[in-house]
Amino acid sequence: MERLSRLVPNGVNDLSHQDLEHKQQILGEIAQLFKDGGYHQVQTPIFEYYDLFKEIKGTIEMDRMIKVIDTDGKVLVLRPDATIPIARMAASHGADPNELRRFAYVTSIFRMADDPQNVQSREFTQAGVELFGDGGVRADVEVISLAIRCLQRIGMAGFTFDLGQANFFKALTAETSLASEELLHLQHLIETKNFADLRRQVQDLPVRQEVKDALRAIPRLYGPPEAVLEEARKVILNSEMEAGIDELTAAYEALSQAGYGEFLAVDLGLMNNLKYYTGILFQGYAPGYGKPIVLGGRYDELSKYFGCDTKATGFAVYIDDLITAVKNQERQNGNGLR
Amino acid sequence: MDYVEVAVAKGRLVDSTLELFAEIGLVFPDYSPDSRKLFFTNEERQVRMVLVKSADVPTYVERGAVDMGIVGKDQLLESGAEVYELVDLGFGTCKMVVASPSTAYRRKPKPVVATKYPKIAQAYFRDKDQPIETITLHGSVELAPLAGLSDCIVDIVETGTTLKENGLYITEEIAALSARLVVNRASFKTKFHRLSGLVDQIQAVIDGRERQ
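Residues numbered from 1 in each chain as written. Chains lettered and ligands numbered in written order. Predicted model: local features only at pLDDT ≥ 70, side-chain atom pairs only at ≥ 80, totals over all residues. Heavy atoms only, no water.

Asks: Could you clarify how one ought to interpret the overall build of chain B in this entry?
Replies: From N to C terminus, chain B includes eight helices and eleven strands. Taking the principal axes of its C-alpha atoms as reference, chain B extends roughly 60 × 35 × 35 Å. Taken across its 212 residues, chain B has 51% of its residues classed as buried. Partitioning the intrachain contacts of chain B with sequence separation of at least 6 by distance along the chain shows that 69% fall at a separation of at least 24. Carbon and sulfur atoms make up 49% of the accessible area of chain B, which totals about 9900 Å². Here chain B carries 26 positive and 30 negative side-chain charges, and the mean point of each set is 3 Å from the other. (Helix = DSSP H or I, 4+ residues; strand = E, 2+ residues; numbered from the N terminus. Buried < 20%, exposed > 50% of the residue type's maximum accessible area, 1.4 Å probe, protein only. Contact = heavy atoms within 4.5 Å. Areas by Shrake-Rupley, 256 points an atom, 1.4 Å probe, with all protein chains shown as cover. Lys, Arg positive; Asp, Glu negative; His and termini not counted. Charge placed at Lys NZ, Arg CZ, Asp CG, Glu CD.)

Asks: It is not clear to me how the interface of chain B and chain A should be interpreted in this structure. Could you clarify?
Replies: One frequently used descriptor of interface size is the decrease in accessible area upon assembly of the parts. Contacts between the two partners involve 27 residues from chain B, matched on the other side by 31 residues from chain A. When the buried area of chain B at its contact with chain A is split by residue, R63(B), K189(B) and T190(B) rank highest and sum to 26% of it. Between chain B and chain A we count five salt bridges in total. One salt bridge connects R200(A) with D88(B), and the closest N-O pair in it is separated by 2.7 Å. (Buried area = accessible area lost by both parts, 1.4 Å probe. Salt bridge = Lys/Arg side-chain N within 4 Å of Asp/Glu carboxyl O.)

Asks: Honestly, the nonpolar core in this entry has me stumped. Any pointers?
Replies: What tends to happen in soluble globular proteins is that the nonpolar side chains get buried as a cluster. Ranked by size, the top nonpolar core spans 106 residues in total, and within it F34(A), M156(A), F315(A) and L322(A) carry the most contacts. Top element by residues in this core is helix α4 (residues 137-153) of chain A. It accounts for nine residues. When residues of this core are sorted by domain, at least three fall in each of domain 1 (16-159 + 286-331) and domain 2 (160-285) of chain A. With 51 residues, the next largest nonpolar core counts L18(B), F21(B), V52(B) and L195(B) among its residues. (Core = buried A, V, L, I, M, F, W, Y, C linked by side-chain atoms within 4.5 Å. Domains from an automatic or database assignment.)

Asks: Explain helix α8 (residues 209-217) of chain A here, please?
Replies: In an α-helix, one full turn covers 3.6 residues, which means residues spaced three or four apart are oriented alike. Listed as buried for α8(A) are V211(A), K212(A), A214(A), L215(A) and A217(A). Tucked inside the fold, the buried residues of α8(A) contact α5 (166-173), α6 (180-191) and α7 (195-203) of chain A.

Asks: Teacher, can you tell me more about the confidence of the model for chain B here?
Replies: Low pLDDT marks regions whose predicted coordinates should not be analysed in detail. Residues with a pLDDT of 70 or more make up 100% of chain B, whose mean pLDDT is 93. Across the interface, the model reports ipTM at 0.83; the global pTM reads 0.88. (pLDDT = per-residue confidence, 0-100.)

Asks: Teacher, can you tell me more about the pattern of salt bridges here?
Replies: One side chain can pair with another of opposite charge once the charged atoms of both are near each other. Considering all chains together, one arrives at 36 salt bridges over all chains under this definition. A salt bridge links D140(A) to R298(A); the nearest nitrogen and oxygen atoms lie 3.2 Å apart. Within this pair, whereas D140(A) is found in helix α4, its partner R298(A) is found in strand β11 (residues 292-298), the two being separated by 158 residues in sequence. Taking the shortest distance from any N to any O, the salt bridge between K73(B) and E85(B) comes out at 3.0 Å. Of this pair, K73(B) sits in helix α3 (residues 73-79) while E85(B) is found in strand β5 (residues 84-88), placing the two residues twelve residues apart along the sequence. Judged by relative accessible area, which is 8%, E85(B) ranks as buried.

Asks: Is there a simple way to explain the domain arrangement of chain A in this structure?
Replies: Residue and element names in this part refer to chain A. Along its sequence, chain A is organised into domain 1 (16-159 + 286-331) and domain 2 (160-285). One C-alpha centre belongs to domain 1, the other to domain 2; they are set 24 Å apart. On the side of domain 2, 24 residues touch domain 1, which itself brings 35 residues to the contact. Taken as a group, I144, I148 and F159 account for 23% of the area that domain 1 buries against domain 2, more than any other trio of residues on that side. Counting the contacts that link domain 1 with domain 2 gives seven residue pairs in polar contact (both at pLDDT 80 or more). (Polar contact = N/O pair within 3.5 Å; in protein donor to acceptor, adjacent residues only side chain to side chain.)

Asks: What is the right way to look at the environment of G92(B) in this model?
Replies: Residues and elements named next belong to chain B. Relative to the assigned elements, G92 resides in the loop between β5 and β6 (94-100). With 86 residues separating them along the chain, G92 and S178 place their C-alpha atoms 5.1 Å apart. If we skip the residues at most four places from it in the chain, G92 touches R12, L13, L177, S178 and A179.

Asks: In this structure, what is going on with the pairing of strand β9 (residues 152-157) of chain B? I would like to understand it.
Replies: Side-chain direction in a regular strand flips from residue to residue, so the side chains alternate between the two faces of the sheet. Residues and elements named next belong to chain B. Buried residues dominate β9, accounting for five of its six residues. Two strands pair when backbone bridges link them, and strand β7 (residues 112-115) and β9 are joined in this way by three bridges, in the parallel orientation. Across the sheet, residue T115 finds its bridge partner in β9, namely V154. (Pairing = 2+ DSSP bridges.)

Asks: Is there a simple way to think about the packing of α5(A) against helix α10 (residues 239-257) of chain A in this case?
Replies: Any two packed helices are characterised by the angle at which their axes cross and by the distance between the axes. Residues and elements named next belong to chain A. Interaxial distance between α5 and α10 falls to 8 Å at its minimum, and their mutual angle equals 170 degrees. On the basis of the axis angle, α5 is roughly antiparallel to α10. The segment α5 lies against α10, with F168, A171 and L172 engaging E240, M241 and I245. Among the residues forming the contact of α5 with α10, the class breakdown is five nonpolar, no polar and one charged. (Axes fitted to C-alpha atoms, helices over the stretch in contact; angles between N-to-C directions. Parallel < 35°, antiparallel > 145°, perpendicular 65-115°, else oblique. Nonpolar A, V, L, I, M, F, W, Y, C, P; charged D, E, K, R; others polar.)

Asks: Before we go on, may I ask you to explain the domain arrangement of chain B in this structure?
Replies: Residue and element names in this part refer to chain B. Partitioning chain B into domains gives domain 1 (4-92 + 178-211) and domain 2 (94-177). Each of domain 1 and domain 2 has a C-alpha centre, and the two are 29 Å apart. Both faces considered, domain 1 and domain 2 share a buried interface measuring about 810 Å² in area, 55% of it formed by carbon and sulfur atoms. If you sort the residues of domain 1 by the area they bury against domain 2, R12, D74 and E78 come out on top, with a joint share of 62%. At the junction of domain 1 and domain 2, the tally comes to zero salt bridges. Of the residues contributing to the side of domain 1 that touches domain 2, the split by class is one nonpolar, four polar and four charged.

Put into structure tokens, the structure is as follows:
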């Protein structure tokens, strides 16, 4: 018989006191930055109704939520995402949609293991902020620079942030009448920069030649901001696409004026969770670490779902990934295969 | 300067890959087919090549243990790894198919499918609203129907000779496959200039071949 009492389940892990102290120290630094930026830390329940996450399209896959059954038979889930509950919180209590509000959180997130080889794939820590009540580029710039300062503060070297624009692809595909399944497939090919299959796929689409050219161009619209933004203007087909690029240009200019230019690249092929993001989105990468460690962006539609139309943007730092990336960096200063 | 690390799938793709690398002036002098060594270095270009089992290439690349990889589309589909799939290399072409001694499996409510690719098989039949049972094997999949282990198989075929010799024929084609150059998403960002240089060179060779 297996003696499960001696084992830790897959996807979760103990932390030794040294590791925990290290983690607390990093969390402390980040929490202080949030506080200095005027963000108030809030807390939401560890379990919520399944329906909350089920009814909001395109955020977390249904299969990846960890479910439990309540005493009355209703399905609950362990917090699979930090932003949605905070958006609900921000929208409730007769909130004024135009009031600037800044919230921060440090919390555990629970997801079904999509990666059986990762010890921390089912419970992991996120620290992040949400800024409500400002739809302007000023707000995007505020949260992006705060995200950059988080990595600077903990001494990460050589990181990069990619800026994207959710509306660019959305406004482009608004020119077409493609079915949502087809759009998802295109989106996947663009996201994975699968040039060969994208070219073949686009070839046969019932859309105008300019749309085909633009679709094929998107995954190449990656790299140094000035050059990419200029290239992007060449494939603009409507005013929304143009507005998207204008926004991104303004954000880049403000960020580089603030001294963050060296960390930035633009990637218009960046489009994870397109149903959720509605404007500028961004991801932070550490050198030698395979996954993004910061994810964020503008999500103006979400609070409408809770009956309060307030603009919003924010980001989350994947703390456990961040710690691993920092450790790799410290250990690795040599070359090549570890 | 850091090495750029490339994982290459052991087996049928190695020769074509080395040929491609040679065309862009990237050679690994210490490589020989009989060597037991698993990693090889080109000091001048600062590139290190590792040979790993093909099914492991997506994992190495996705997790950033290496920056890029050369692997068949079959392994990318099966692993579902989140990587950039930058170049269709045009070699290692084959097809993913369903093969069987007869089409009798189509009349079964839940046929048994033997395969090295359980995820691809499940996804393909799920799209057709056909429930199946998969049996995962690691080699000589063609044997399974003959041995009474399964009703049909899902596997890759190049020429179809092995199928024929074992009394199977292709009943359904799932996808056309070829070798791909894949890149870790974070490496592509943080080592952009070096990786895009290599990728562009490789793309140029492939484009040249296609024009011929």
